[in-house]
Amino acid sequence: MPRSVTFELDDETLQTLDRLAEGTERSRDDLISQAVQDYLALHSWQIDKIRAGIAAAERGDFADEEEIARIVEKYSTPT
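### Some thoughts on the overall build of the protein chain
On a plain count of helices and strands, the protein chain comes out with 3 helices and 0 strands. Reading the protein chain from its N terminus to its C terminus gives the helix and strand order α-α-α. For a compact globule of 79 residues, the expected C-alpha radius of gyration is about 12 Å, and the protein chain comes in at 21 Å, more than 25% above that figure. Dimensions of the protein chain, computed from the C-alpha atoms along their principal axes, are close to 55 × 40 × 20 Å. Looking at the 79 residues of the protein chain, the share that counts as buried comes to 5%. About 7700 Å² of surface is accessible on the protein chain, with carbon and sulfur atoms providing 54% of the total.

Shown next, in the form of structure tokens:
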């Protein structure tokens, strides 16, 4: 069941929100709700990845020199 939350936005942010709401034909509430959901999903994903990395490090599960060289080669730009 949806619950209300009250918070404050500065004038510029509120104006931007209103322009976006008008341009997308969505309400402020819809946009704010979607923004919060997206924020939580992103940061939850990041925290999960960080925790997995810490667990791997605690197990001593590190990349060896060959794997690091392969990754560097893959993402290096040609000169």
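### Concerning a negative patch on the surface
The grouping of Asp-64, Glu-65, Glu-66 and Glu-67 at the surface amounts to a negative patch. Tracing the chain through its elements places Glu-66 in helix H3 (residues 65–75).

### Regarding the environment of Ala-21
Within the secondary structure, Ala-21 is located in helix H1 (residues 11–24). When the C-alpha atoms of Ala-21 and Gly-60 are compared, they prove to be 49 Å apart, with 39 residues separating the residues in sequence.

### Brief notes about the pattern of salt bridges
With the rule as written, the count across this model stands at 2 salt bridges. Of the charged contacts in the structure, one is a salt bridge between Asp-18 and Arg-28, with a shortest N-O distance of 2.5 Å. Residue Asp-18 is found in helix H1, and its partner Arg-28 is found in helix H2 (residues 28–58); the two are separated by 10 residues along the sequence. For Arg-59, the salt bridge identified is with Asp-61, shortest N-O distance 3.7 Å.

### Describing H1
Here H1 is 14 residues long and its end C-alpha atoms lie 20 Å apart, about the 20 Å a rise of 1.5 Å per residue gives. The N-capping residue of H1, defined by a side-chain oxygen 3.1 Å from the backbone nitrogen of Glu-12, is Asp-10. Count one or two residues on from H1 and you reach Glu-25, which has phi positive near 55°.

### Observations regarding a nonpolar patch on the surface
On the surface, Val-5, Phe-7 and Leu-9 cluster together into a nonpolar patch covering about 300 Å² of accessible area. With respect to the element layout, Val-5 can be found in the segment before H1.

About the thresholds
Residues numbered from 1 in each chain as written. Predicted model: local features only at pLDDT ≥ 70, side-chain atom pairs only at ≥ 80, totals over all residues. Heavy atoms only, no water. Helix = DSSP H or I, 4+ residues; strand = E, 2+ residues; numbered from the N terminus. Rg over C-alpha atoms; globule rule 2.2 N^0.38 Å. Buried < 20%, exposed > 50% of the residue type's maximum accessible area, 1.4 Å probe, protein only. Areas by Shrake-Rupley, 256 points an atom, 1.4 Å probe, with all protein chains shown as cover. Patch = residues over 30% accessible without salt bridge, like charges linked within 9 Å, V, L, I, M, F, W, Y side chains within 5 Å. Salt bridge = Lys/Arg side-chain N within 4 Å of Asp/Glu carboxyl O. Lys, Arg positive; Asp, Glu negative; His and termini not counted. Charge placed at Lys NZ, Arg CZ, Asp CG, Glu CD. Expected span 1.5 Å × (residues − 1). Polar contact = N/O pair within 3.5 Å; in protein donor to acceptor, adjacent residues only side chain to side chain.

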